[in-house]
Every structure is written in structure tokens, then in C-alpha cells.
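A closer look at the structure
Each chain is listed here by its residues.
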2 protein chains.
Amino acid sequence: MKQISTRFSMAVHTLSLIAVSPNECTGDFIAGSVNTNPVVIRRIMGMLKKAGLVDVRPGVGGATLLKEPGRITLLDIYRAVDVTEENRLFRMHESPNMNCPVGRNIEQALQSELQAAQSAMEQRLARTTLEQLIGTFQ
Amino acid sequence: MKQISTRFSMAVHTLSLIAVSPNECTGDFIAGSVNTNPVVIRRIMGMLKKAGLVDVRPGVGGATLLKEPGRITLLDIYRAVDVTEENRLFRMHESPNMNCPVGRNIEQALQSELQAAQSAMEQRLARTTLEQLIGTFQ
DNA sequence: AATAATTGTAACTAGAATGGTTACAGCGGT
DNA sequence: ACCGCTGTAACCATTCTAGTTACAATTATT
């Protein structure tokens, strides 16, 4: 990956819409605001539903938040849309040469640093709630 | 992207090798330790060279660090291997609907949060030097 | 009961990134 | 001149992305 998928920003956009205008939020309406295909939104809604963030009404349409906007963080959304593999931002090359002192030790040494960096990013995401985000422009 | 390319971890591995055993560090030798194809290492070395981190000797072979290991951070290496597009970790969906209050404002509001999260990660990478990393297993 | 709007998925597509591979030209000591 | 190395170009299979078409299932309304 060169960049984290737009699924994440679309999901934030989607939840913001549901929070701001709880009625009228059908997949097509959201797709119109996000400017993408409705199916893309439905896929994202499915992930948000699976994560317990929203309830989607089949047939009649529309969605509601299952948690208050003040209790949904950007990290919750990030995790919901499954944007990284196995919750690891950094991928490491596999099976380095164990006969080499560097090859033997690099994996563990680097892994903990990468994990720390990933955590720093995630904890920053966790500090912002949907409510705060909406508050900046509503 | 599901994950940040192994180019980064391979580059860290490569520089660690050069720091630890300044002689013998030909592309083939490094590739043997990393366990990949020599061309992959040569490509990475080209990027590290372009970033001013190493000097590679064509013809004769081998590479040397252009900065002390204590002055090369993981962030320097991360930046050198060009692992994200335009230095943006998060990609955002484009051209949301400007007729919608959310669509009109989400970009700027979210962008600053994402930038903050990215910075948190990068600053954590900047805190670790090659010297520290090598120190943990040498 | 029929209708219409909506959700939930499956299947397919074009485009791009990844990591590996072969091939070969150019460099530079010996 | 030789030999080993670097620097690239070209190509490949695989995977992810985001969009698209299609259609079955759901549910309020008529």
C-alpha cells in the first residue's frame, strides 16, 4: 500500500452524516454526499454494522448510530473498516537469514519499534471523537 | 494499501548490516541476509543513496554510511524508501458533494486529524536511531 | 396481494502497487 | 582482458482498490 484506503475517510463521512441528519440517510443519499457508488457505501455500512457502530434497516432503509457520537472515536472507525492486515500497519520481510547476526535479531528489535509507532498513531486517532469532528463544522 | 511495504523493513535491515559490518556489504551479501533477490536490494540501495544515507561503490561493490548510525533515525529511512504517496499516509475520497454540509466540511476537518495521527507515528519513528536499534542486539 | 424503494451480496472490471525475476550495459580493481 | 559488482529496464503473478452491474431479500405503503 502506498496509502490507507479511502474506505476509512468514507466511513467517517458516512457516520458524520448519520449523526448530523439521522433521517434521510439511505445508502443512496450517503453515496450522493460522498460522491461514490451506492454499493461502496453499502459495503462500508456492512462493516460499521459488524463493528456494532450502526444499525441498518433493511427494506425501509436508513441507519442509526448505536453509540453516542461522543463515544465513537476515529480509532473505532479505523478499526471497523479493516484497513490494515491483521491490525499491523507495517509489514516486515519474512524469514531473514538466521546465520547472520543482523538477520537473526532484526525482526524482534524492529517489530517493537514499529508497533510503538503504530500505537502512537492509533492513540492519536483515539483522542478524537465523532462529536468533536462534527463540532468543528456544525 | 493493507500494509506499508516491506521496502522499509528491508531498508532498515540493509543499513543495519552496513553499520555492523562495513566490509563485505555487497548487494548479494545483503540479499542473502534479508533473504530476497539482489535486484530488490539494489533498488532499495538506490533510494538510500538518493536520500544521502549511503554511498555505493559501483564496479568494486559495497556501501558505506554517510551519517553516523546515531544520526540516522527510522524516520529518515522511512522517508528515504518512499513508502507513502506524497508523504500522506491516509488517502481521502475526492470531491465530496459541496451542496451537503458534511460533504462541504469533512475534508478539511478530517484532514487535520489524519495529519496529526500521521505525525504522531512519524515522530515516534524519529525517536529511534539506527544506533539504538543495533544496540539492542549487538 | 402488489408495488416500490431499499439493503445485502456476488461477480466482474480496470488500474495500481508489490516483490520477484531475467537480462544486460557500464564501472573498476586485479 | 577478465571478473564481479552496480544500475536499470522489462516483465510477471499476485493482491488491493474502487467502481459497476445485477439480482435476491426485506419492508412500508397502497
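Residues numbered from 1 in each chain as written. Chains lettered and ligands numbered in written order. Predicted model: local features only at pLDDT ≥ 70, side-chain atom pairs only at ≥ 80, totals over all residues. Heavy atoms only, no water.

With an unreviewed UniProt entry as reference, chain A is termed Transcriptional regulator, source organism Paenibacillus flagellatus.

Topic: the protein's contact with DNA strand C
Where we set the bar: Definition of nearness: a residue and a molecule or strand are near each other if at least one heavy atom of the residue lies within 4 Å of the molecule or strand. Throughout this description, a polar contact denotes any pair of N or O atoms lying within 3.5 Å of each other; where both atoms belong to protein, one of them has to be capable of donating a hydrogen while the other can accept it, and for residues adjacent in sequence the pair is counted only when both atoms sit in side chains. Put simply, DSSP H or I for four residues or longer makes a helix, DSSP E for two residues or longer makes a strand, and each gets a number counted from the N terminus. Throughout this entry, Asp, Glu, Lys and Arg are counted as charged residues, while Ala, Val, Leu, Ile, Met, Phe, Trp, Tyr, Cys and Pro are counted as nonpolar. The remaining residues, Gly among them, count as polar.
Among the 29 residues in the neighbourhood of DNA strand C, the closest are listed as Arg42 and Lys49 of chain A together with Ser5, Thr6 and Thr36 of chain B. Within 4 Å of the protein, the atoms of DNA strand C are drawn from sugar and phosphate moieties in a proportion of 60%. Here Ser5 of chain B contributes a side-chain N or O atom positioned 2.3 Å from a phosphate oxygen of DNA strand C. At 2.8 Å from a base nitrogen of DNA strand C is found a side-chain nitrogen or oxygen belonging to Arg43 of chain B. Where the surface near DNA strand C is concerned, the elements lending two or more residues are α3 (38-50) of chain A together with α1 (6-20) and α3 (38-50) of chain B. Taken together, the residues that form the surface near DNA strand C break down as nine nonpolar, ten polar and ten charged.

Regarding the pattern of salt bridges
Keep this limit in mind: When a carboxyl oxygen of Asp or Glu lies within 4 Å of a side-chain nitrogen of Lys or Arg, that pair is called a salt bridge. Burial status follows relative accessibility: with a 1.4 Å probe on protein chains alone, a residue under 20% of its type maximum counts as buried, one over 50% as exposed, and anything between as partly exposed.
Counted under the stated rule, the structure contains six salt bridges over all chains. For the salt bridge of Lys2 of chain A with Asp82 of chain B, the shortest nitrogen-to-oxygen distance reads 3.9 Å. Of this pair, Lys2 of chain A sits in the segment before α1 (6-20) while Asp82 of chain B is found in the loop between α4 (74-80) and α5 (101-126), placing the two residues in two different chains. Judged by its relative accessible area of 41%, Asp82 of chain B is partly exposed.

So, the protein's contact with DNA strand D
Taken together, the neighbourhood of DNA strand D is formed by 30 residues, with Ser5, Thr6 and Thr36 of chain A together with Arg42 and Lys49 of chain B sitting nearest. Taking all atoms of DNA strand D within 4 Å of the protein, the share assigned to sugar and phosphate is 58%. Within the side chain of Thr6 of chain A, an N or O atom sits 2.4 Å from a phosphate oxygen of DNA strand D. At 3.3 Å from a phosphate oxygen of DNA strand D is found a main-chain nitrogen or oxygen belonging to Gly62 of chain B. Tallied by class, residues from the surface near DNA strand D come to ten nonpolar, ten polar and ten charged.

A few points about the side chain of Ser16 of chain B
To keep it simple, the criterion reads: Note on contacts: a residue pair qualifies if any of its non-hydrogen atoms lie within 4.5 Å across the two residues.
In this fold, Ser16 of chain B is placed in helix α1. Given a relative accessible area of 0%, Ser16 of chain B falls into the buried group. When sequence neighbours within four positions are dropped, the list of residues in contact with Ser16 of chain B reads Val102 and Ile106 of chain A together with Leu130, Leu133 and Ile134 of chain B.

Quick word on the packing of α1 of chain A against α3 of chain A
Residue and element names in this part refer to chain A. Filter applied, for reference: Orientation is described by axes fitted as lines to C-alpha atoms, over the contacting stretch for helices, and by angles from 0 to 180 degrees between their N-to-C directions. Angle categories are assigned with fixed cut-offs, so that under 35 degrees is roughly parallel, over 145 is roughly antiparallel, 65 to 115 is roughly perpendicular, and the rest are oblique.
Contact geometry of α1 with α3 gives a least axis separation of 10 Å together with a crossing angle of 80°. Taken together, the axis directions place α1 and α3 in an arrangement best described as roughly perpendicular. On α3, the residues that touch Arg7, Met10, Ala11, Thr14, Leu15 and Ile18 of α1 are Val40, Ile41, Ile44, Met45, Met47 and Leu48. Tallied by class, residues from the contact of α1 with α3 come to ten nonpolar, one polar and one charged.

Regarding the relation of the copies chain A and chain B
Condition: To line up the copies, we fit them by least squares on C-alpha atoms, keeping just the residues with pLDDT of at least 70 in both.
Rotating chain A by 180° and moving it 0.0 Å along the rotation axis overlays it on chain B with an RMSD of 0.0 Å. Such values leave the two copies arranged in the relation of a two-fold axis. When each C-alpha of chain A is compared by its distance to the rotation axis, Met1 of chain A comes out closest, at 1.4 Å. The fraction of interface residues of chain A whose copies in chain B are also interface residues reaches 100%, indicating that both copies meet through the same surface.

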